[in-house]
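Close look at the chain arrangement
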Amino acid sequence: MEPGFWHDKWDAKHLGFHLGEVNALLIKYWPELALGSDSPGCDINVFVPLCGKSLDMCYLAEQGHNVLGCELSQKAVEQFFSENNLPHQIESSDPINKFTTEQVTILQGDLFTLAPEQFTEINAFYDRAALIAWPESMRLAYVDKISALIPPKSVGLLITLDYPQEALKGPPFAVSNDWVMANMSDTFEIELLSCDDALVDNQRFVNKGVPWLTESVYKLVRKG
């Protein structure tokens with residue numbers, strides 16, 4: 001899960017983690033966050049870690065939100081803008097390059113080099129493929145970093161997968177409800193919105209003989 005692993009994935013176009021459509025769970029559960037209901041007219045600024053070239057960012061922008069993504073691969077970022085025909089500006093600097101269009105900005109570089117000062121306007125977040133991208137040995141460092149970046153009271157949607165880890169080599173890696181509660185409840189208020197059988201919709205897992213697979217959706221609120 002070192003940077004070279006993900007660069008190789010994008011170079012080889014091994015993009016099984018990329019969905020060619022907006023995630024159905026995002027569409028279903030994003031309204032559950034009730035963003036802006038307490039402060040009508042307030043801008044919603046959504047952070048999307050390890051965003052790739054996800055169409056979910058387009059969906060979030062279509063809801064009127066400002067989106068701030070972070071992605072290691074420059075190829076992924078360039079493909080996001082080209083495939084969606086989005087004119088953009090590039091501000092190059094070390095260690096982060098900044099790609100900007102009207103409602104979407106992507107910081108291209110290593111998530112762990114980002115500073116909280118870049119996130120002062122963030123009040124929402126969305127994680128579909130970031131937490132499950134890390135093996136357990138590295139996952140807590142990611143949670144600590146995200147917790148440091150996201151301002152208090154920010155509201156987010158987290159989507160995870162769980163399955164017998166020994167049945168399949170990740171990513172995506174198995175993240176249980178117990179792990180989420182044990183390792184994220186110190187910094188986030190956590191509400192489980194759904195936990196459903198997802199095996200039939202994931203042919204890769206079926207082909208590998210994985211006996212069961214669940215997909216969970218959480219509402220998270222960064223504690224103050």
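Structure: see above.
Nothing here was measured: the structure is a model prediction, and the numbers come from that model. (Residues numbered from 1 in each chain as written. Predicted model: local features only at pLDDT ≥ 70, side-chain atom pairs only at ≥ 80, totals over all residues. Heavy atoms only, no water.)

Digging into the overall build of the protein chain
A count of helices and strands for the protein chain gives seven helices and nine strands. Expressed as a percentage of its 224 residues, the buried residues of the protein chain come to 47%. Contacts in the protein chain between residues at least 24 apart in sequence constitute 69% of all its contacts with a sequence separation of at least 6. Accessible area of the protein chain: about 11,100 Å², with a carbon and sulfur share of 50%. (Helix = DSSP H or I, 4+ residues; strand = E, 2+ residues; numbered from the N terminus. Buried < 20%, exposed > 50% of the residue type's maximum accessible area, 1.4 Å probe, protein only. Contact = heavy atoms within 4.5 Å. Areas by Shrake-Rupley, 256 points an atom, 1.4 Å probe, with all protein chains shown as cover.)

Digging into the sheet that holds strand β8 (residues 188-197)
Here nine strands make up an open sheet; going across it, the order is β3-β4-β5-β2-β1-β6-β7-β9-β8 and the pairing mixed. Looking along the sheet, the strands with just one partner apiece sit at the ends: β3 (89-91) and β8. Along the sheet, successive strands turn relative to each other by an average axial angle of 20°, direction set aside. As paired strands, strand β6 (residues 124-127) and strand β7 (residues 155-162) are joined by four bridges and run parallel to one another. Within β7, the residue paired with Tyr126 across the bridge is Leu157. Across the face of the sheet, helix α6 (residues 177-184) comes into contact with β7, β8 and β9 (214-222) while running at roughly 175° to β8. (Pairing = 2+ DSSP bridges. Axes fitted to C-alpha atoms, helices over the stretch in contact; angles between N-to-C directions.)

Structural notes on the side chain of Ser194
Note that Ser194 resides in strand β8. At 3.4 Å, the side chain of Ser194 forms a polar contact with the side chain of Tyr29. In this structure, Ser194 is in contact with Tyr29, Glu215, Ser216 and Val217, ignoring residues within four places of it in sequence. (Polar contact = N/O pair within 3.5 Å; in protein donor to acceptor, adjacent residues only side chain to side chain.)

Here we look at the side chain of Arg222
The topology assignment puts Arg222 in strand β9. Salt bridges are absent for the buried Arg222, whose nearest opposite-charge side chain, Asp144, sits at 8.9 Å. Among the polar contacts listed, one links the side chain of Arg222 to the backbone oxygen of Thr187, at a separation of 3.4 Å. Setting aside residues up to four positions removed in sequence, Arg222 forms contacts with Ser147, Ile150, Pro151, Pro152, Lys153, Ser154, Thr187 and Phe188. (Lys, Arg positive; Asp, Glu negative; His and termini not counted. Salt bridge = Lys/Arg side-chain N within 4 Å of Asp/Glu carboxyl O.)

Details of the pattern of salt bridges
If the charged atoms of two oppositely charged side chains come close together, the side chains can form a pair. Using the criterion set out here, one finds one salt bridge in the structure. The partner of Lys53 in a salt bridge is Glu83, with the nearest N and O atoms 3.0 Å apart. Placement of the pair is Lys53 in the loop between β1 (45-48) and α3 (56-62) and Glu83 in helix α4 (residues 74-83), with a sequence separation of 30 residues. Look at Lys53 and you get buried, because its relative accessible area is 9%.

Notes on the nonpolar core
Ranked by size, the top nonpolar core spans 36 residues in total, and within it Phe47, Leu111, Leu114, Leu131, Tyr142, Met184 and Phe205 carry the most contacts. Counting only elements with at least two residues in this core, the list comes to β2 (66-71), α5 (136-149), β7, α6 and β9. Here this core takes four residues from α5, the largest share from any one element. Excluding anything up to four places from it in sequence, Leu111 contacts Phe47, Leu50, Cys70, Tyr142, Lys145, Ile146 and Leu149. Formed by 29 residues, the second largest nonpolar core is a distinct cluster that contains Leu25, Leu33, Val48 and Leu157. (Core = buried A, V, L, I, M, F, W, Y, C linked by side-chain atoms within 4.5 Å.)

Some remarks on the pairing of β7
Sheet faces and side chains relate simply in a regular strand, where the side chains alternate between the two faces. A large share of β7 lies buried, amounting to eight of its eight residues. Alternating residues of β7 divide into Val155, Leu157, Ile159 and Leu161 and Gly156, Leu158, Thr160 and Asp162, and every residue in both groups is buried. As for the winding sense of the linkage, the β-α-β connection from β6 through α5 to β7 is right-handed. Across eight bridges, the pairing between β7 and β9 is antiparallel. By the bridge assignment, Gly156 is partnered in β9 with Leu220. (Right-handed = clockwise from strand over helix to strand, strands pointing away.)

Thoughts on the environment of Val200
Mapped onto the elements, Val200 comes out in the loop between β8 and α7 (203-207). With relative accessibility at 68%, the residue Val200 sits in the exposed group. In sequence terms Val200 and Leu213 are 13 residues apart; their C-alpha atoms lie 8.7 Å from each other.

A short note on the pairing of β2
Of all six residues that make up β2, five are buried, and the element is covered over most of its length. Of the pairings in the sheet, the one linking β1 to β2 comprises four bridges and is parallel in character. Bridge pairing in β2 places Val46 opposite Val67. Remark: the β1/α3/β2 crossover connection has right-handed handedness. Bridging between β2 and strand β5 (residues 104-108) involves five bridges; their strand directions are parallel. Looking at the pairing, Val67 lines up with Val104 of β5.

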